[in-house]
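Letter by letter, the chains look like this.
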Protein chains: 2
Amino acid sequence: MKKTVLREYAKLIAQVGANVQKGQEVLIYAGLDQPEFVQMVAEECYKCKAREVTVQWMYQPLEKIHTRYQSVKTLGEVKQWQKARLEHYCETKPCKIHIISDDPDGLKGMNMAKLAKARKLRFPIVKEYSDRLDGEQQWVIAAVPGKAWAKKVFPGLRTSVAMEKMWEAILATSRVNEDPVAAWKAHNADLKARCEYLNNLGIEKLHYTADNGTELTVGMIGEAMFCGGSETSRQNIVFNPNIPTEECFISPKKGEAEGIVYSTKPLCYQGQIIDKFFMRFEGGKVVESGAEVGAELLETLLNMDEGARYLGECALVPQTSPINVTDLLFYNTLFDENAVCHLAIGRGFTDTIRDCHNKTLEECRQLGINESMIHEDFMIGCDSMNIDAICADGKVVPIFRNGNWAF
Amino acid sequence: MKKTVLREYAKLIAQVGANVQKGQEVLIYAGLDQPEFVQMVAEECYKCKAREVTVQWMYQPLEKIHTRYQSVKTLGEVKQWQKARLEHYCETKPCKIHIISDDPDGLKGMNMAKLAKARKLRFPIVKEYSDRLDGEQQWVIAAVPGKAWAKKVFPGLRTSVAMEKMWEAILATSRVNEDPVAAWKAHNADLKARCEYLNNLGIEKLHYTADNGTELTVGMIGEAMFCGGSETSRQNIVFNPNIPTEECFISPKKGEAEGIVYSTKPLCYQGQIIDKFFMRFEGGKVVESGAEVGAELLETLLNMDEGARYLGECALVPQTSPINVTDLLFYNTLFDENAVCHLAIGRGFTDTIRDCHNKTLEECRQLGINESMIHEDFMIGCDSMNIDAICADGKVVPIFRNGNWAF
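Sequence order sets the numbering: in each chain, residues are counted from 1 along the sequence as written. Chains and ligands are labelled by the order in which they are written, letters from A for the one and numbers from 1 for the other. Restriction of local features to residues with pLDDT of at least 70 applies here, the model being predicted, together with a cutoff of 80 or more for giving and counting side-chain atom pairs; totals for whole chains, interfaces and linings are based on all residues. Neither water nor hydrogens contribute to the side-chain values; these are computed over all heavy atoms in the structure.

**Here we look at the overall build of chain A**
In plain terms, the rule: Secondary structure elements are taken from DSSP: a helix is a run of H or I of four residues or more, a strand is a run of E of two residues or more, and numbering for both begins at the N terminus. The globule rule is 2.2 Å times the number of residues to the power 0.38, and the radius of gyration it is compared with is taken over C-alpha atoms. Three labels apply to residues, based on accessible area from a 1.4 Å probe with only protein chains included: buried if under 20% of the type maximum, exposed if over 50%, partly exposed otherwise in between. The Shrake-Rupley method, run with a 1.4 Å probe sphere, supplies the accessible areas, and residue values consider only the shown protein chains as cover. Positive charges are assigned to Lys and Arg, negative charges to Asp and Glu, while His and the chain termini are left out of the count. We put the charge of a Lys on NZ, of an Arg on CZ, of an Asp on CG and of a Glu on CD.
Summing up its helical and strand segments, chain A has 13 helices and 20 strands in all. Scaling as 2.2 N^0.38, a compact globule of 407 residues should have a C-alpha radius of gyration of about 22 Å, and chain A matches this with 20 Å. Overall, chain A is about 55 × 50 × 50 Å in size when its C-alpha atoms are taken along their principal axes. Counting all 407 residues of chain A, 57% fall into the buried class. Put simply, chain A shows about 16300 Å² of open surface, and 49% of that area lies on carbon and sulfur atoms. Taken together, the 48 basic and 55 acidic charged side chains of chain A have centroids lying 5 Å from each other.

Here it is in C-alpha cells:
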C-alpha cells in the first residue's frame, strides 16, 4: 500500500479517531505486524502535540504461553505498580488507540476457563479505576492487516496478495479516500440524522423478526438515546471510537428481552470462533443457548458474571453497509459488527443515557444499563430482517424492512 | 535456521545465561525482529518454573520519534508508577534477558545531546533503585539477527542470505553446537583458570603497547580480581551475563591511567558510530580525545558526567577469539568487545572487588571503582598488542604478546 495513503489513514486515526489533544498522553496498543504504520500513527499523535506516546506491543503467541504457564493467581494479579499506573491514567486521562491485526484463530486452544478465572480475580480491582475513567477518555479502534488474518479472510491467495487485498478492504470500509476527514464529517452527519429520527419516536420496545427464526422483543430505557459515529468525552472532546463504524446503537433496559435470536455471522472471541448459535431470552436473561461451533466457549462467556446473560447493546446497521457490500467475513467484530444489525451481551454503555455526564455511574445502572466484565457483540442482521419500533404513543413504526432502513 | 537449533539456543539463554529460578519473575527486552525466537525463550523460562515472564518490545524508529517530539522534561521524567515498578523490582529481583538485534545505524540522526540531558534528569531518581539492585539480579545479553543489522554485517548479500549468515555467526560464536551446555561449562572453566593465574600475580599496573601508538599504563585496585565467564549474584545464583563472552576483565583504580590509547574497531553507541578515535589519559582522566568519525558524539559521551572520563574496565581477549576469527565486524559491543582487548569508560563493576557481597557500594567506590551513568566499551586490541603486568613484588610478567595470551 502506498505510503501517502497510509499517512492519510494514520492522520485519520490520530485526528478524527482519537482527536489527540495538546499535552495529552497517548497509549497505542498494537500487534507486531505493522510497526512502520504504528510509527506513523505515533508521529501523527505527536503532530497533534501529544505530550508522550507509549506503544504497548501485543503478540498473541505470548498470550497463549502466559496463560498456559502462569498460575491463575499470577494471571489474575494486579501489582502495586500496576495500580499506580491505573491511578496515573485516572489522573491524566490519556487517549487510547487500538491498532488491531490479530489472527482470528491466534488464541485457538488457549485455556479460556483459566483466563476467565483470572479475569474474575482482576476485575474487582481494575473496576474501581475503569469506573472512574468511564467516559473520560477518547479512544479508537482501527485495523491493519496481519498475515494470518489476511490469509483467513482471503484463504485462496498468496500471503503478499492477501495482505494487499486486506489493506484495500480496510481502507475502503474505513472511508480512506481522497479526503478522509471530509468523508467522515459527512458520514457522521448521516448517522446523527438517523439517530435523531429514532430518538424522536419515543421508542419503548424494538421488535425483531427474520425468516431464520429470530423473534425478539427488547425493552428500551426511556432516558436512553440512539448514538452513532462520533462521541463526546466528559472532557468535551469529540472522537470516533470505531474506524469503521456504520451503526446506530443504544443500550437496552436490563431485564426486558423476550424471545429467541439466531446469529448470522461467526463471533470471534479472543481468537476463538463461536458460530451458528442462538440465545433465548426470558425476563431479559439468556435462559437457553446453543452453538454448532464453540458451544462451550459461549457457555464460558455467558457464565463470566451475572451481567453476562443480559443485553448491553442493540445496534442497527443496514445490509447495504460498505462492509456488508464487500461480501467479506472479517472474523473480527470491528468489521463484522458494522456489516449488519447486532446485539451485545454484557456491559451496556452509560453514555447512551441522555445527559449522562451529569449522572453518576450508579444512576445510569439504576435506569437499566447492564453491568458486566464482558461486552460481546454478535451479528443477527440478514436480508429478511424486519424491525419495528413500538412507541410510547402506541404507534408501531417500521425501522428496518428486509435488512435495510425503512425510513 | 533450524527450529531445533534455535530451541537449544533459547534453552542456553534461559538455563545457562539467566539461570532462571523457580518462582522468579523474568523480564525480556527484545526488538520486533524475531518474535518466534523470543517466544521460545519465554517458554524456556517458564520451563525453568518462572512465575511470570514479561516481554518489553523495543523498536528503534519509535525511540527516534520519542526523542524528537517529547520535551526534555518528559523524556527525563520518572513517573510515580514507574518508581513503584522499580520498587517492585528491588523487592522481587527479577532476572533480565536482553535479546538484541538492533540496526547499528538505527538511531542515526537522533538528537543525542537532548537524550543525554534527559538521562541526566532521570539518573538521580533511577540510581537509588539501581544501587539497591546492584549485583542482586541475574541478567544476560544475547543476540538474534535483525534485517538491517545483518545487511550491515554482510553488505553484499541478499537480505535472506545475510540473515542466515548472521544466525550462523551468532550461533557459532555463542558456542551453540551439539551440546551448548557442556561447551559453556568447559569455556567457563578455561576463563576461570586464566583469571586465577592473573589474580595470583599481585598485579599493580597493566602496561599496554602496540605499534599503532598505544602506550598506556593503568593502575589496579589491590582488592580487585579478574573475572570472566559466569558470575554469581548476591542471591548466590550463577549466571552468564554475556553470550558470547571471551574476556577476562577487571575494574581499574579510578585516577590511575597515564598515556594514550587508540581504538582498533568502531564503537556503536545507541545506534551511532564513533570510529578511529583516541583518548589521552592523565591522572586517570581523559584529558584529550579525537575521532575521525563521530568526534562530537564521543565528546557528548565523555561529558555525560564526572565519571565518564575515567576508566571502568580493562578486558583481555586474545586475537584468536572465535569472534575475531570470523573476521567480521559486528558493529555491536556484545560481539566486538569479545573479539579483542578493550577498555571501558564510565561505571566500574563493584563485583570485581573480592568479597564484594560483604561490602557496601560506597566501600567499593572508595577502593577506586569508578561511578558514572555510562559504561562504554571500546576496542584497543590488535595483532601487535603487548601487555605486561607490573607486580607488587617488582616483577614484570608478560600477559599478552602479539595480541594473544603470553601464558
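Now that the structure has been shown, we can carry on.
**Examining the sheet that holds strand β7 (residues 227-228) of chain A**
All names here are of chain A. Filter applied, for reference: For two strands to be treated as a pair, DSSP must find at least two bridges joining them.
On the basis of which strands lie adjacent, the open sheet formed by five strands has the order β7-β10-β15-β16-β17 and antiparallel pairing. Among the strands making up the open sheet, the edge pair consists of β7 and β17 (375-379). Across four bridges, the pairing between strand β15 (residues 311-316) and strand β16 (residues 342-346) is antiparallel. The residue of β16 that forms the bridge with Glu313 is Ala344.

**Overview of the pairing of strand β5 (residues 203-209) of chain B**
Residues and elements named next belong to chain B. Note that β5 and strand β18 (residues 386-391) share six bridges and pair antiparallel. Paired with Thr209 across the bridge in β18 is Asn386. Sheet topology note: the β5/strand β6 (residues 215-219) ladder contains five bridges and is antiparallel. Bridging across to β6, Lys205 finds its partner in Gly219. Where β5 folds back on β6, the antiparallel hairpin that results is connected by five residues, among which Gly213 adopts a positive phi of roughly 110 degrees.

**Concerning the relation of the copies chain B and chain A**
Convention followed: For the least-squares superposition of copies, only C-alpha atoms count, and only for residues with pLDDT at least 70 in both. Contacts are assigned to residue pairs with any non-hydrogen atoms lying within 4.5 Å of each other.
Take chain B, turn it by 180 degrees, move it 0.0 Å along the axis, and it overlays chain A with an RMSD of 0.0 Å. Such a combination of rotation and displacement between the chain copies is what one expects of a two-fold axis. Distance from the rotation axis, computed per C-alpha, reaches its smallest value in chain B at B:Trp81: 2.7 Å. Both copies share a contact surface, since 100% of the interface residues of chain B are interface residues in chain A too.

**Digging into the packing of aromatic side chains**
Applied cut-off: Whether two aromatic rings pair depends on their centres lying within 6.5 Å, for rings of Phe, Tyr and Trp, where Trp uses its six-membered ring; planes under 30 degrees apart make the pair stacked, over 60 edge-to-face, and the rest tilted. Either the NZ atom of lysine or the CZ atom of arginine qualifies as a charge over a ring when it sits within 6 Å of the ring centre and within 35 degrees of the ring normal.
All chains considered together, the criterion is met by 29 aromatic pairs over all chains. Judged by centre distance (5.2 Å) and plane angle (5 degrees), the rings of A:Tyr69 and B:Tyr46 are stacked. Taken as a pair, A:Tyr69 in helix α3 (residues 60-69) and B:Tyr46 in helix α2 (residues 35-47) lie in two separate chains rather than in one. Residue classification places A:Tyr69 among the partly exposed positions, given a relative accessible area of 23%. Here B:Tyr46 falls in the buried class, since its relative accessible area comes to 4%. Taking the centre distance of 6.5 Å and the plane angle of 55 degrees together, the rings of B:Trp139 and B:Phe239 count as tilted. Pair noted here: B:Trp139 is in strand β4 (residues 139-143) and B:Phe239 is in strand β9 (residues 238-239), with a separation of 100 residues, a long-range link. Linked through ring pairs, A:Tyr197, A:Phe400, A:Trp405 and A:Phe407 together constitute an aromatic cluster. Sitting over the ring of A:Phe407, A:Arg194 keeps its end group 5.3 Å from the ring centre. The ring of B:Tyr331 carries the charged tip of B:Lys152 above its face, separated from the ring centre by 4.7 Å.

**Considering the layout of surface pockets**
Rules: Definitions used for this entry: grid spacing 1 Å over protein atoms alone; cavity, a set of points where a 1.4 Å probe fits but cannot get out; pocket, an open set with protein on both sides within 12 Å along at least 5 of 7 lines; lining residue, one with an atom within 4 Å of a point. Grid points are joined across faces, edges and corners, and a volume is the space filled by probe spheres set on the points.
Approximately 1500 Å³ is the volume attributed to the largest pocket. A:Leu32, A:Lys147, B:Leu32, B:Asp33 and B:Pro35 are the residues nearest the centre of the largest pocket, which is lined by 50 residues in total.

**Here we look at the interface of chain B and chain A**
Convention followed: Simply put, the buried area is the total loss of 1.4 Å probe accessible area from both parts when two parts are fitted together. A carboxyl oxygen of Asp or Glu within 4 Å of a side-chain nitrogen of Lys or Arg is what we treat as a salt bridge. Side-chain atoms alone can form a polar contact between residues adjacent in sequence; in general such a contact is a pair of N or O atoms within 3.5 Å, and within protein one must be able to donate a hydrogen while the other accepts it. When residue character is reported, Ala, Val, Leu, Ile, Met, Phe, Trp, Tyr, Cys and Pro are called nonpolar, Asp, Glu, Lys and Arg charged, and the others, Gly included, polar.
Contact with chain B, which involves 30 residues of that partner, is made by 30 residues of chain A. For the pairing of chain B and chain A, the buried interface totals around 3000 Å² over both sides, and the portion due to carbon and sulfur atoms is 64%. Counting across the chain B and chain A interface gives six salt bridges. B:Glu43 is the salt-bridge partner of A:Arg68, the closest N and O atoms lying 4.0 Å from each other. Here chain B and chain A share ten residue pairs in polar contact (both at pLDDT 80 or more) between them. Mapped by element, the contributors of at least two residues to the side of chain B that touches chain A are α2, β2 (52-58), α3 (60-69), α4 (72-75) and α5 (80-92) of chain B. Taken together, the residues of the side of chain B that touches chain A sort by class into 14 nonpolar, five polar and eleven charged.

**Here we look at the packing of helix α1 (residues 3-17) of chain A against helix α8 (residues 159-173) of chain A**
Residue and element names in this part refer to chain A. Just so we agree on the cut-off: Lines fitted to C-alpha atoms define the axes, with helix axes restricted to the stretch in contact, and inter-axis angles between N-to-C directions lie between 0 and 180 degrees. Roughly parallel covers angles under 35 degrees, roughly antiparallel covers those over 145, roughly perpendicular covers 65 to 115, and oblique covers all other angles. A crossing counts as left-handed when the near helix is turned anticlockwise from the far one by less than a right angle, and as right-handed when that turn is clockwise.
At a minimum axis separation of 12 Å, α1 and α8 run at an interaxial angle of 45 degrees. Of the possible angle classes, the one that applies to α1 and α8 is oblique. Where α1 crosses over α8, the handedness of that crossing is left-handed. Facing Val5, Leu6 and Tyr9 of α1, the residues of α8 in contact are Trp167, Ile170 and Leu171. Class assignment of the residues belonging to the contact of α1 with α8 gives a composition of six nonpolar, no polar and no charged.

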